[in-house]
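Overview (structure and organization)
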Amino acid sequence: MYKLPSLEAVKDLKAIAILTSGGDAPGMNPAIRGVVRSALNHGIRVYGINRGYSGLIIGDIWEMNSRSVSNIVQRGGTLLKSDRCEAFKDPAVRHQAAEILREHEIDGLVVIGGDGSLTGASLLAEESGIPVVGLPGTIDNDIHGTDDTIGFDTAINTALEAIDRIRDTALSHERLFLVEVMGRNSGFIATQVGIACGAEMVVIPEVEFKLEALCFQLANNRVKGEGSSGIIVVAEGPRPGLTYRLAQQLEEHEQTPRVCILGHIQRGGSPTSHDRVLASCMGATAVDYLRAGYTSIMVGVQNGQILDVPLREVLERKKQLAPEWIQMTALLHK
Ligand code: ADP
Ligand code: F6P
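Nothing here was measured: the structure is a model prediction, and the numbers come from that model.

Regarding the site of ligand 1
Inspection of the region around ligand 1 gives 17 residues, with Arg84, Cys85, Gly114, Gly116 and Ser117 positioned closest. Within the backbone of glycine 114, one N or O atom sits 3.0 Å away from an oxygen atom of ligand 1. With respect to ligand 1, the side chain of arginine 184 contributes an N or O atom lying 3.5 Å from an oxygen atom. Counting residues per element, the shell around ligand 1 draws most heavily on helix H4 (residues 115-128), at six residues. Residue classes in the shell around ligand 1 are distributed as four nonpolar, eight polar and five charged.

Side note on the pairing of strand E8 (residues 230-235)
Among the six residues in E8, six count as buried, and that is most of the element. Burial along E8 is two-sided: Gly230, Ile232 and Val234 and Ile231, Val233 and Ala235, pointing in opposite directions, are all buried. Bridge count for strand E6 (residues 176-181) against E8 is six bridges, and the pairing is parallel. Its bridge partner lying in E8, glutamate 180 is registered against valine 234. Pairing of strand E7 (residues 201-203) with E8, which is carried by three bridges, proceeds in the parallel orientation. Bridge pairing links methionine 201 to isoleucine 232 in E8.

Let's talk about the sheet that holds E6
Across the sheet, four strands lie side by side as E7-E8-E6-E9; this open sheet has parallel pairing. Whereas interior strands pair on both sides, the edge strands pair on one side only; in this sheet they are E7 and strand E9 (258-261). Adjacent strand axes in the sheet meet at a mean angle of 20 degrees, parallel and antiparallel pairs treated alike. Sheet topology places E6 next to E9; four bridges connect them, and they run parallel. Bridging from a neighbouring strand, phenylalanine 177 pairs with arginine 258 of E9. Packing against the sheet, helix H8 (residues 242-251) makes contact with E6, E7, E8 and E9, and its axis sits at approximately 160 degrees to E6.

Overview of the sheet that holds strand E10 (residues 297-302)
Taken in spatial order, the seven strands of this open sheet run E3-E2-E1-E4-E5-E10-E11, and their pairing is mixed. Each of the sheet's edge strands pairs with one partner strand only, and the pair in question is strand E3 (61-64) and strand E11 (305-310). Taken over all neighbouring pairs, the strand axes of this sheet differ in orientation by 30 degrees on average, direction set aside. Across two bridges, strand E5 (residues 132-136) lies against E10 in parallel orientation.

Notes on the environment of arginine 317
Note that arginine 317 resides in the loop between helix H10 (311-316) and helix H11 (323-331). With 213 residues separating them along the chain, arginine 317 and histidine 104 place their C-alpha atoms 34 Å apart.

Quick word on the site of ligand 2
Taken together, Arg84, Thr138, Ile139, Asp140, Met182, Gly183, Arg184, Glu236, His264 and Arg267 form the complete shell of residues around ligand 2. Residue aspartate 140 places a side-chain N or O atom 2.7 Å away from an oxygen atom belonging to ligand 2. Within the contact set of ligand 2, an oxygen atom lies 3.1 Å away from a backbone nitrogen or oxygen of glycine 183. Burial of ligand 2 by the surrounding chains reaches 74%, relative to a free accessible area of 400 Å². Residues of the shell around ligand 2, tallied by class, amount to two nonpolar, three polar and five charged.

Re the confidence of the model for the protein chain
Counting all residues, the mean pLDDT for the protein chain is 95, and 98% of those residues have values of 70 or more. Averaged over each element, pLDDT in the protein chain is lowest for helix H7 (residues 211-223) (76) and highest for strand E4 (residues 109-113) (99).

Structural notes on the pairing of strand E1 (residues 15-20)
The buried count for E1 comes to six of six residues, which makes it a mostly enclosed element. Going residue by residue along E1, you find Ala15, Ala17 and Leu19 tucked away on one face and Ile16, Ile18 and Thr20 tucked away on the opposite face as well. Pairing of E1 with strand E2 (residues 45-49) involves four bridges; the strand directions are parallel. Within E2, the residue paired with isoleucine 18 across the bridge is glycine 48. Crossover connection from E1 via helix H1 (residues 28-41) to parallel E2: handedness right-handed. For E1 and E4, the ladder comprises four bridges, and the chain directions are parallel. Bridging across to E4, alanine 17 finds its partner in leucine 109.

Considerations on the environment of leucine 7
For leucine 7, the location among the structural elements is in the segment before E1. Its relative accessible area of 27% is what places leucine 7 among the partly exposed residues. On a C-alpha basis, the gap between leucine 7 and tyrosine 47 in space is 23 Å, while along the polypeptide they are 40 residues apart. Here leucine 7 is in contact with Asp288, Tyr289, Ala292 and Tyr294, once residues within four sequence places are set aside.

Calculation notes
Residue indices begin from 1 for each chain and proceed along its sequence in written order. Chains and ligands are labelled sequentially in the order written, the chains with letters from A and the ligands with numbers from 1. Predicted model: local features are reported for residues with pLDDT of at least 70 only, side-chain atom pairs are reported and counted for 80 or more only, and whole-chain, interface and lining totals are derived from all residues. The basis for every side-chain value is the complete set of heavy atoms in the structure, and neither hydrogens nor water enter the calculation. Definition of nearness: a residue and a molecule or strand are near each other if at least one heavy atom of the residue lies within 4 Å of the molecule or strand. N or O atoms closer than or at 3.5 Å make up a polar contact, with two conditions inside protein: a donor-capable atom paired with an acceptor-capable one, and, for residues adjacent in sequence, both atoms drawn from side chains. A helix here means a DSSP run of H or I that spans at least four residues, while a strand means a run of E at least two residues long, and both kinds are numbered starting from the N terminus. The classification used treats Ala, Val, Leu, Ile, Met, Phe, Trp, Tyr, Cys and Pro as nonpolar, Asp, Glu, Lys and Arg as charged, and all other residues, Gly among them, as polar. The buried label applies to any residue whose accessible area, calculated with a 1.4 Å probe on protein chains only, is under 20% of its type's maximum; exposed applies above 50%, and partly exposed to all values in between. Two strands are counted as paired when DSSP detects at least two bridges linking them. Between N-to-C directions, angles span 0 to 180 degrees; the directions come from axes that are lines fitted to C-alpha atoms, helices contributing only their stretch in contact. Whether two residues are in contact is decided by their heavy atoms, any of which lying within 4.5 Å being enough. With residues, only the protein chains shown are counted as cover, and all accessible areas are computed by Shrake-Rupley using a 1.4 Å probe. Per-residue confidence from the prediction method is given by pLDDT, with values spanning 0 to 100. A clockwise path from the first strand over the helix to the second, with the strands pointing away from the viewer, defines a right-handed crossover.

Below you can see the structure in the form of structure tokens.
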């Protein structure tokens, strides 16, 4: 159970709006539900904005009711759809977006998305004065100021389930598999999945990859009679497909690895109970923060406490993968 903040309402909000932006993440739906149900129970009207900032700038807005969010708590993806909107990086376009919110008499906006979406949220709040609260919605868990993000737990469990299946073939055929997981430029998914699936090695952007060390370890396992089966979890890095290059390098060292890119399989599917509860709590608390007069903040979780983190602080700093976690993956190898 999370510890929730105790907040005093100082603002009489008439209407708020909500959008999801950037890569979708399992748990966005329970977060939307949390915002909608909490707001309606406080007598606040709620508008859903379709397709993130792309929908906002053209006024694709609709009024939601309690039934709009029925039966979505268990569904992956996002009811409101998501998009990437280059135009929103233009201040003039953000000015237009603020005008649309004012036309609908919206006095608070909740943005669910990753660091790009939260950057847009922060700029919109600063430039327009419209209160904005962000929720960390990304499978990558790479957002500073929060221990956890909506979708991370589901993504790692989905990847784990797939790798457990791959392990069966790896063992039966004594094969080496390179499994590529998502995570953009961070190794949070790869590290956690690597530990949970008992990977022989984890390749992440935070640590320089040494081909010789891997080849030595594989040869060593063979000498010890442990066969050549194994799973190496690779973080995709800036572009998916990095793993094919790695496989090629290994082939030059007499290895014949198979490559499996999990890709978007990790972004879909029913959210785990962990993500449903986290997202519901964060969604409902976002409304409490708006009622308490907060703006330009992200709802985060630290040591089990749901709290507010200034968006400026969230965006100024990069979340680091703790060195202890990196050491842990090495410690658990054969
Ligand atoms: P995520 O939110 O998952 O990190 P992106 O980085 O693709 O995904 O960002 C999602 C959207 O957020 C972008 O398409 C854009 O609309 C908005 N955004 C990203 N960066 C900025 C920025 N510097 N200024 C304004 N809006 C931005
Ligand atoms: O940020 C979430 C994420 O799934 C990353 O892990 C991945 O690198 C990226 O989005 C892929 O984005 P898309 O395929 O939607 O362009």
